[in-house]
Structures are given as C-alpha cells and as structure tokens.
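Here is what each chain is made of, one letter per residue.
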Amino acid sequence: MSTWQSVCQLDDLQPDSGVCALVSGLQIALFYMPQESMVFAISNYDPIGQANVLSRGIIGDINGQIVVASPLYKQHYNLNTGVCLEDEAISLPVYRIRIEHGYVQISVKE
Amino acid sequence: MNIKKTLVVIGNGMVGQHFLVNLVNNPIKEDYNIITFCEEPRAAYDRVHLSAFFSGKTAEDLSLVEPGFFEQHGITIYMGDKAAKICRDSKTVTSEKGHSIRYDKLVLATGSFPFVPPVPGHDRAQCLVYRTIEDLEAMQAAAKTGKVGVVVGGGLLGLEAANALKDLGLQTHVVEFAPRLMAVQLDDAGGAMLRTKIEALGVVVHTGKNTSLITDGEQCVNKMCFADGEELETDIVLFSAGIRPRDDIARDCALEVGPRGGIVINNQCQTSDPNIYAIGECALWNGMIYGLVAPGYAMARTVVADLAGNEASFTGADMSTKLKLMGVDVASIGDAHAKTPGALVYTYQNGDTAVYKRLVVSQDKKHLLGAVLVGDASGYGTLLQYCLNGIELPENPDALILPSRSDESVGLGPDALPASAQICSCYDVTKGEICKAIDAGCTTLDGLKSETKAATGCGGCAALLKSVLNSELSKQGYEVNTDICEHFAYTRQDLYTLIRVEEIKTFADLLARHGKGKGCEICKPTIGSILASCWNDYILKTEHTPLQDTNDTYLANMQKDGTYSVVPRIAGGEISPDMLIALGQVGKKYKLYTKITGGQRVDLFGARVDQLPPIWKELIDAGFESGHAYGKSLRTVKSCVGSTWCRYGVDDSVGLAIELENRYKGLRSPHKIKFAVSGCTRECAEAQGKDVGIIATENGWNLYVCGNGGMKPRHADLFATGLDKATLIQYIDRFLSFYVRSADRLQRTSVWMENMEGGLDYLKSVVIEDKLGLCEQLEQQMQTVIDTYQCEWKTTIEDESKLKRFRHFVNSEQTDDNVVFVEERGQIRPADEQERKHFKLVEVA
Ligand SMILES: Cc1cc2nc3c(=O)[nH]c(=O)nc-3n(C[C@H](O)[C@H](O)[C@H](O)COP(=O)(O)OP(=O)(O)OC[C@H]3O[C@@H](n4cnc5c(N)ncnc54)[C@H](O)[C@@H]3O)c2cc1C
Ligand code: SF4
Ligand code: SF4
C-alpha cells in the first residue's frame, strides 16, 4: 500500500530555504533547492536547542554535505542523513520526499 | 627556619612597581619581607599614557597594579605616606606618618619632579605642572573657567601638554626658550617643520622666549612678561621645562649625588651604599638621567637579578623615541645630531607635505647611527632595527628615506632581524621570545600581547610585532587563513569591495563569479548584510530571503522556545502616553510578556510566527515602525532628558538622539551598533560605553567612538571635541560607513578599533583629515542608505506573498504544541522542561 501523502504544493516551498509541515502528527522541515531540483525532509525539532525551529535555519553545504544550520545554536545537520556534524551521536529522523504533479509528497513509514 | 630579611622600596611609581612585579616572579622573594612607601594617594599608574585621562580613561583604567597584587604577595604598602628620612647607621627608613622600618636592602624609586623655573610669580594661581593625576584634575578644573593656556617648554612633554590644553578647548600657546621645538631630539630643519605643522593646528609657537615675570593679567588671570619686552595674557601657565631627579632623601643621608642632581649608581644600580639601590628617573648612571620608562624598567630588572645573586648589569639604554604629537608623527633615533666623528648625513625635505627626514650614517656607509623623522615616521621600526642591531645598510642608504615611487618596499622584513633583536623596548621583548610564544601556540596579536607583554607599553612596536607574527605563521606553514568560509576565498572586506566595484546585487551572482559550492550560514548572512549596506534592497526580496538569519527572515528575535520578540522603534527613548497605551494594548491582546530593554524601548516576548503580522499591523496603524532589533544594524540611540528638563543640561540630547536614530535607522552593518547622547558631562546616558557616544559641552558636542558594554566592556575613545551639529553628523556618517566597509563579520566597533593598525590616530586621519581621500564616497554611501530607508514591517504586511511564510505549518493552521507558557509575576514565560512534561501529561489525560 502506498504510504505517500501529499502535503502541500511545490509553490508552497520556499526556494533555498525551509518550511514546516504537519504530517501524521509529526513536525517535518521541508527544504527546497530549485537550482539543483532537490527537496529534503527532516524532523523540525532541534534536540540541542529543544525547540521546533529547524525549518527556519539557513541551508548550504559544508565539505560537500548538504546541511541546515540550527537557528538557535548553529549546529549543522546533514539533510540526507540527519546526522549532526558537530556531534555524530545525534541524528535526526529523515523522511522520504518526492514531487508528484506539482505536489510535495512525504512518506513517514520506514 | 630562616628569618626573613626586609626589603624596602621608596616610591611606587612606574619603575618601583615594575621592580615589585619582577621581584615576586623570582624565587628570591621568599627571602624578604617587602614593604613599599607610596607618596601618591594611589598605587602605581601608567604615567606614559597620562594624557589618556583627558580622553576619558579613569585612574583605575590607568592603574598598573592588578587587583589584589599587594595582598597576594604579602607586600605591605603604605599608601599616601612619604618616606621622610633614611638613617644609614641604624638602617631605618622613617615616614611622614611615623612608620619606622628597619631594612636590609633599600631601593629608591622616587622618580622626578617637573622643573619650574624660578621666575617671579611662578607660584601664582593656575600655574601648573603635568606629572600626576592630581595635576590633570587641576588642569581640568582651571580649563572650566579659563580661555587661554600657555605651556612653558617645547619639548616632548610640553607638546603633549599643549595638545591636552587644546583638547580642553583652550586657545593654546607654547613658549620655548631654545630657538626650536624639541631641541633635544630635532635639528633646526626638523624643528622648523614640526613648528609649521603644529601652528597649522592653531597652536601659537613662540621660540627663543625667556619668561621674566608672571603677574596679574587684564583679560586673563595671568600675564607673562618676556625678557624681550613682549607680553602674553593667559589663564593657565603649564610648566614643562624638564624634570629634576627626586634625590633629596638620598642627599640628606649623604649618598653620592651628581653635580646637577641624580643619585649616582653603578652598573648594578647600587648607590654609594651597597645596600641601597636607585632605579628609574631618580638615578644617575654614567652622568645620565633617563627620562623614559624603558631604561628604568631595565634598571629594575637588574636589581632583581643582583639580589638573586645573578650576574646582571645596566649598561645604558637607547633613547630613541617615536610619538605622535598633535597628530604629527615625530621620531628620533640614536645619534640624531651626528655627533659621531666622520658621520655622514642625508636629508630629505618635502615642503608640500611637511615631511622631514634625516639619516646619520657611519663614515664607511655601512651602519646607521641615528635618524630624525618628522611628519612621516612610518620608517621608524625599520630604521631602529638597523641602528640597534648593527644591520648592514643597503648600498644607497638614502633609499631608506626617499619616498618610494614604485611599489617595491625598502622596509626591512622581519626575517632580516636576528633572534636577539629587541622588538618591544618597554618590556624588553626580543624577536626570539616572540617566536617562542608563537611556537607554543600563540597565534593572535591579542594573545601575543598578553603572553609576552610586547606592544603593551608605549605601543610603538605594534606594527612590527604584527609583521613578525605574520611572517612566523606563514613560515610554519600555517596558512594565515582569512577566508570567511569554504565558499569564498575572501575576507569580508574583499567581498565588500567586489560587491561595490562590480555592482553585484545578488548572492547568486557573487557566488557564480567569485565563490564555489552553495554557501552556508557564515557567508550567506555576511553577504546579505553587505548587499543591504551597499544597495539597501528590501531584505525579504525573494533572492535575499534565504541569506538571512532567522531573525531577519521573520523580522523579529527568536527566543529559546522558538517564539519571537517584537521591538518597535522608540527613537531616543521618547514616547507619548498614547503610543505607550497602544503598545500596552497590543501586549495585552496577544498576551505578550513585556519588558523594558537596556536601549530605552519596550520588548514584547512570546509571539508565535503566525501572530507577528497581525501584531505589526496593529503597531503600524498606531504609528510605530520596525525597531530593527533583529538585525545587525543600528539599534538604539539612548538619551538622557537633556537641557529641555534637566537642571544641568547644556544641550538638547533628546532632540539630537531622535534625529540621529532616524538618520541611521535601517543601516545594516557587520554587527549591531548602539549610540547614546548625554546632555552634559554628568553623562547620564552612559554614552562612553557605546559605539558612538555624544556628550554636550559648553563648546559644542564631544564625539566618542568604539565603546562597548556587554561581554567585553570598552571605554569609548574621545574622537573630536566642540563640534557643531553639521560636523558631528558628517563625522558619524564617515565613521559608520568606514566601519561598514572595513570591519570583519560580527566585529563590533570596539574590536575593530583594537585590531586596526594605527588605532585611534589612524581612524582620525581617515575620518577627519581624509587621509585616504575616501570621505566623499563614505558620505555618499551613507546618503544612499538614508534615502532608501523603508520600514521592513510595513513593506511586509502590504505584500500578501510575503505573509505566506508567517505560519508554523505550510499545511495546517495549528500552532507549535511545543510552545507552552506558564505564569510568573503576572505575565507569561516559557515553561521549563519539567513543567512541559507535566503539561503534556495533563493534556493527554
Ligand atoms: C605626561 C607624561 C608622558 C610621558 N610619556 C612618556 C613616553 O611616551 N615614553 C616614556 O618612555 N616615558 C614617558 N614619560 C616618562 C615616564 O613616565 C617616566 O620615565 C616614568 O614614570 C619613571 O618612573 P619612576 O618610577 O622612575 O618615576 P615615577 O613614575 O614618577 O614614580 C615615582 C613615585 O615615587 C613617589 N615618591 C617620590 N618620593 C617618595 C618618597 N620619599 N616616599 C614615597 N614615595 C615617593 C612619587 O610620588 C611617585 O609616585 C612620560 C611622563 C609624563 C609625565
Ligand atoms: S547627562 Fe547632564 S543633562 Fe543629561 S540628565 Fe544627566 S545631568 Fe542632566
Ligand atoms: S545577557 Fe545573556 S541572557 Fe541576558 S539577554 Fe543577553 S545573551 Fe541573553
């Protein structure tokens, strides 16, 4: 059975930046890089700052890894793996994401 | 157990204190009980930088004694107590307050006193000297009522004193007995050049004048009469006619003194009594009194070594000096007067720029014996090293003083110096010691200064120290990496220049032309800020939004729980009751926590992202605009109530504060900028702790710059005095623009200034004298920002597409359930972790 859920339209994403979506009770940060045609979905909760803020961080790349920097205390999280660059013991849930017919879809099942 | 011996030090001045510090760092200190008599009401302070007292440094700032120093080392200090008598038979010192101490070893560090020529009337009211903090307080008091000041003596100190009088707003004269200024250091041509420069600053110079009488004046308190029949009316007479060693106490106990004063010492700094040493300005070595700190410090170190039984001797000291006198660079090195037989002299004189340079070279043209520099002393460090280290001169020595017409530099690179080369003469730090500290991991200028003390005395060696550091670092393969991040191999200053010169308007364009990768949270906000400083676009334009830190993206300050605080502008801290009510109503309606900020405005906390636009809509309707509290930008201009209401007020501080805040609001900068304006010197607005501080005086506005509160407080420096409003604003325009273009990212003005080569003087030369020829550009740059100001919140609430962002979820109207408040003192506050868990349990149940 398909676990993909449509969350919003592609237009609702912020280019080179993030928004937050509520999916099955989970807060998920969605990032969009239009030039690279890439989208990412990771948990919105910053475990170090203990607040739901990651969608409001700046995105970029560090040593080839695509990351978001927490707006609270600036730790970096790899958008593909969820691993924190400053402390590898910390890792955020990442979610599968795709664009279908202009809709952003997410699958929260493992 | 050994019974301790007693060591007494008479005088706790610069040299006496340096002696104590060196002593307690030596194991020999265990052998002694240490006692010192300090005649002044406070322990040792930095006399060399005494004049800084007038630019706002306090007695505490100038102190040379670390807090707790005497207690920690078990030193007894008799404060405000003068040693009156030494009895060498019983080996006792007796003080004016009646303390009588038996000594085993005695150190005299009594310094000197200013010589006041015995002219009739020399002791009249407002006839002063320049040596102690009390002297400066007396000058300050006298300057309040006086209009004219005369300095008697045109030497180094005299000119420094004249500068102080000028800064106190007095019409200033210098009267010199010799036919030229700085007769000791300069030759006739050099003296004449200095005179031209100083007169251009509005100080009247009288040379070859012999004062014969000081008496009642008609317009002023005093009148000076000269041997040639001329007269000069003045309120203050400041004597600076040389120093005399304080050797009375030595004379009275029959120690040997020189024919013209000074306590005679040998190479171990012992007087004619081997148990008594003399150091500093009271000591006479080889017929010489040294009126500088460095030789005194060398004597102090010699005595410590001698006490410890180590071989050490004082064998004279170099008297080279470099100073800035009223903004004129002056330096003299070694045998400036070419007294060495056979010496050759080269001179360079440029009447247009008033630069004079003279080299004295040995007969075989191999070695530099001395030099004189007026108007441009940039070659001082190099020349001094040639002279001190006997480094062989290049083939054409005159190349060292001729202006270089090509780009090639004739300077002596730090690599040419031997390890034994003394870099800092105040603290006797050699290049070898500096390199050792660098090897040990000290890789910043600040770190080196505190580690080695180099460049913390007169500061003359700071530039050389920096070049040693840089050359060592690059030799050790440390890439001195000043790139801002992996995406741009440039400093912030470079990026600023690229953006401006190539008129780059977007991050994407800059990245394509000069960067690599996608950017990061370092370069994006930095470049966002530079773009805003240069072109002042709306910062939430689609292409700029991703560059902004969250605070700028949501035009509010994120707090620890992810909610935001809202700060409307209250220019100058002035707000009407109606506006205050409107603010209160918004706070009440949205249940915000309200607090008064340190910058005299109101901060409303606890707003969720989705609440920001309606809150701002109401605030804007009530007449408020964005306070830019979220930006690295101008924050507030704090003010006291000023002359409008205050009994002491001299000028309208609130009016000026509002005008300045409205002028500079919205200016994006490397870091936040704070201002304050006080209506009089009581300084209720604490302007001297701000990036830009302004204080009203009878003579106009005084401008202070680069102060800071916060983590690393820094007292602001007095930048200019007695300004009218137009000039004041012009200076601030230039100052801010220069900061914006040349500071590093997240560098406050205080740190920017401390890292600037040439410091305050350099900054003045750029902003006031337009040394870089930049001022017009700097003013235009500011005008652009002022002309393109917009309230970012107004623009935002008028643009539907921008409002889309202001909700927690793209796909739901729900709010963040992690944001939970509890009540405290009648207002909300974020729940702590415990409370939050509890709350969730309750809600689920
Ligand atoms: C305005 C100014 C600017 C200067 N600029 C420079 C400069 O740029 N570079 C430079 O190298 N030098 C400069 N100097 C000179 C420098 O300050 C002196 O060389 C230095 O202070 C000498 O130190 P000292 O300890 O010998 O004397 P002082 O610092 O004068 O200390 C002597 C102390 O002993 C006390 N004392 C005297 N007799 C007794 C007694 N019987 N009992 C108890 N206490 C006693 C005195 O009150 C005084 O506090 C400057 C001096 C002044 C005034
Ligand atoms: S600084 Fe002066 S004018 Fe301002 S409130 Fe204080 S005393 Fe009054
Ligand atoms: S002083 Fe510290 S705790 Fe207080 S507001 Fe500033 S950063 Fe926060």
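Remember, it's a predicted structure, so these values are computed and weren't measured experimentally.

## Regarding the packing of aromatic side chains
Residues and elements named next belong to chain B. According to the stated counting rule, one finds 15 aromatic pairs over all chains in the structure shown. Between Phe488 and Phe507 the ring centres are 6.0 Å apart and the planes differ by 70°, which places this aromatic pair in the edge-to-face class. Placement of the pair is Phe488 in the loop between helix H12 (462–475) and helix H13 (492–501) and Phe507 in helix H14 (residues 507–514), with a sequence separation of 19 residues. Centroid distance Tyr554 to Phe806: 5.5 Å. Interplanar angle 85°. Geometry classified as edge-to-face. Of this pair, Tyr554 sits in the loop between helix H16 (550–553) and strand E28 (557–558) while Phe806 sits in the loop between helix H25 (800–803) and strand E37 (821–824), and the two are 252 residues apart along the sequence. Assigned by exposure class, Tyr554 and Phe806 land together as buried. Put simply, the rings of Tyr554, Tyr564, Trp616, Trp793 and Phe806 touch in pairs and so form one group of aromatic residues. One cation-aromatic arrangement involves Arg500 over Trp535; the distance from NZ or CZ to the ring centre is 5.8 Å. Between Arg682 and the ring centre of Tyr648, over which it is positioned, the NZ or CZ distance is 3.7 Å.

## Description of the sheet that holds strand E5 (residues 92–95) of chain B
All names here are of chain B. Ordered in space as E4-E5-E6, the three strands form an open sheet in which the pairing is antiparallel. At either end of the open sheet lies a strand with only one pairing partner, and these are strand E4 (83–87) and strand E6 (100–102). Between one strand axis and the next, the sheet turns through 20° on average, direction left out of account.

## Some words on helix H1 (residues 14–24) of chain B
Burial analysis of H1 of chain B places nine of its 11 residues in the buried class, which makes it a mostly covered element. Lining the buried residues of H1 of chain B we find strand E1 (5–10), strand E2 (32–38), helix H3 (69–72), strand E7 (105–108) and helix H8 (293–307) of chain B.

## A look at the pairing of strand E16 (residues 236–239) of chain B
Residue and element names in this part refer to chain B. By the alternation rule, side chains of E16 split into Ile236 and Leu238 and Val237 and Phe239, which are all buried. Relative to E16, strand E10 (residues 148–152) runs parallel, the two being bridged by four bridges. Residue pairing across strands places Val150 opposite Val237, the latter belonging to E16.

## Digging into the sheet that holds strand E14 (residues 222–226) of chain B
Residue and element names in this part refer to chain B. Spatially, the three strands line up as an open sheet ordered E13-E14-E15, and their pairing is antiparallel. In the strand order of this sheet, the two ends are held by strand E13 (211–216) and strand E15 (231–234), each with one partner. On average, adjacent strands in this sheet sit at an angle of 20° to one another, irrespective of strand direction. As paired strands, E13 and E14 are joined by five bridges and run antiparallel to one another.

## Quick look at the side chain of Thr6 of chain B
Residue and element names in this part refer to chain B. Within the secondary structure, Thr6 is located in strand E1. On the basis of relative accessibility, which here comes to 14%, the residue Thr6 falls in the buried class. Setting aside residues no more than four positions away along its own chain, Thr6 makes contact with Tyr32, Asn33, Ile35, Ile101, Arg102, Tyr103, Asp104 and Lys105.

## Side note on the environment of Val264 of chain B
Residue and element names in this part refer to chain B. Topologically, Val264 is positioned in strand E18 (residues 263–265). In this structure, the C-alpha to C-alpha distance between Val264 and Tyr277, residues 13 residues apart in sequence, is 9.5 Å. When sequence neighbours within four positions are dropped, the list of residues in contact with Val264 reads Glu256, Val257, Gly258, Gln270, Thr271, Ser272 and Leu284.

## Points about the site of ligand 2
Near ligand 2 you find Cys640, Gly642, Cys646, Tyr648, Gly649, Gly679, Cys680, Arg682, Glu683 and Cys684 of chain B, and these make up its full shell. The class makeup of the residues in the shell around ligand 2 is five nonpolar, three polar and two charged.

## A closer look at the nonpolar core
Residue and element names in this part refer to chain B. Counting 95 residues, the largest nonpolar core has Phe19, Leu108 and Ile279 as its most contacted members. Setting aside residues up to four positions removed in sequence, Phe19 forms contacts with Leu7, Val9, Val107, Ile279, Ala300, Val303, Val304 and Leu307. Counting 61 residues, the second largest nonpolar core, distinct from the first, contains Leu531, Val637, Leu660 and Val785.

## Some remarks on helix H18 (residues 612–621) of chain B
Owing to its 3.6 residues per turn, the α-helix aligns residues three or four sequence positions apart on the same side. Residues and elements named next belong to chain B. For H18, every residue scored as buried is listed here: Leu612, Pro613, Ile615, Trp616, Leu619 and Ile620. Looking straight down H18, one finds its buried side chains confined to an arc of 155°; they lie on one side. Tucked inside the fold, the buried residues of H18 contact strand E29 (564–566), helix H17 (577–589), strand E31 (602–607), helix H24 (792–797) and H25. Immediately downstream of H18, the backbone of Gly623 shows phi near 105°, a positive value.

## Description of the confidence of the model for chain B
Residue and element names in this part refer to chain B. Confidence in the prediction of chain B, expressed as mean pLDDT, is 90, and 97% of residues score 70 or more. Counting interchain partners and residues more than four positions distant, the pLDDT-below-50 stretch residues 405–410 has two contacts. Below pLDDT 50 for its whole length, residues 841–845 participates in zero contacts with residues either more than four positions away or in separate chains. The ipTM for the predicted assembly is 0.90, set against a pTM of 0.58.

## Here's the deal with the interface of chain A and chain B
Across the contact, 38 residues belong to chain A and 36 residues belong to chain B. For the pair chain A and chain B, the summed buried surface comes to about 2,800 Å²; carbon and sulfur atoms form 51% of the total. Together, Leu22, Arg56 and Ile58 of chain A form the three largest contributors to the area buried by chain A at its contact with chain B, with a combined 27%. Where chain A packs against chain B, one counts three salt bridges. Measuring nitrogen to oxygen at the nearest pair gives 3.6 Å for the salt bridge that ties Asp12 of chain A to Lys804 of chain B. On the surface where chain A and chain B come into contact, there are 18 residue pairs in polar contact (both at pLDDT 80 or more). Considering every element that reaches the side of chain A that touches chain B, the biggest residue donor is strand E2 (residues 17–23) of chain A, with six residues. Classifying every residue of the side of chain A that touches chain B gives 19 nonpolar, 12 polar and seven charged.

## Overview of the pattern of salt bridges
Residues and elements named next belong to chain B. For the structure shown, the criterion picks out 40 salt bridges over all chains. The partner of Asp621 in a salt bridge is Lys617, and the shortest N-O contact between them spans 3.0 Å. You can see Asp621 and its partner Lys617 sitting in helix H18, four residues apart, about one turn around the helix. Taking relative accessible area as the criterion, Lys617 reaches 43% and is therefore assigned partly exposed. The partner of Glu659 in a salt bridge is Lys725, with the nearest N and O atoms 2.8 Å apart. You can see Glu659 sitting in helix H19 (residues 653–664) and its partner Lys725 sitting in helix H20 (residues 725–742), a full 66 residues away along the chain. A single network of salt bridges, built from pairs that share partners, joins Glu824, Arg825, Arg829 and Glu835.

The rules behind the values
- Residues numbered from 1 in each chain as written.
- Chains lettered and ligands numbered in written order.
- Predicted model: local features only at pLDDT ≥ 70, side-chain atom pairs only at ≥ 80, totals over all residues.
- Heavy atoms only, no water.
- Phe/Tyr/Trp six-rings, centres within 6.5 Å; stacked < 30°, edge-to-face > 60°.
- Helix = DSSP H or I, 4+ residues; strand = E, 2+ residues; numbered from the N terminus.
- Buried < 20%, exposed > 50% of the residue type's maximum accessible area, 1.4 Å probe, protein only.
- Lys NZ or Arg CZ within 6 Å of the ring centre and 35° of its normal.
- Pairing = 2+ DSSP bridges.
- Axes fitted to C-alpha atoms, helices over the stretch in contact; angles between N-to-C directions.
- Contact = heavy atoms within 4.5 Å.
- Near = heavy atom within 4 Å.
- Nonpolar A, V, L, I, M, F, W, Y, C, P; charged D, E, K, R; others polar.
- Core = buried A, V, L, I, M, F, W, Y, C linked by side-chain atoms within 4.5 Å.
- Arc of directions from axis to C-beta.
- pLDDT = per-residue confidence, 0-100.
- Buried area = accessible area lost by both parts, 1.4 Å probe.
- Salt bridge = Lys/Arg side-chain N within 4 Å of Asp/Glu carboxyl O.
- Polar contact = N/O pair within 3.5 Å; in protein donor to acceptor, adjacent residues only side chain to side chain.

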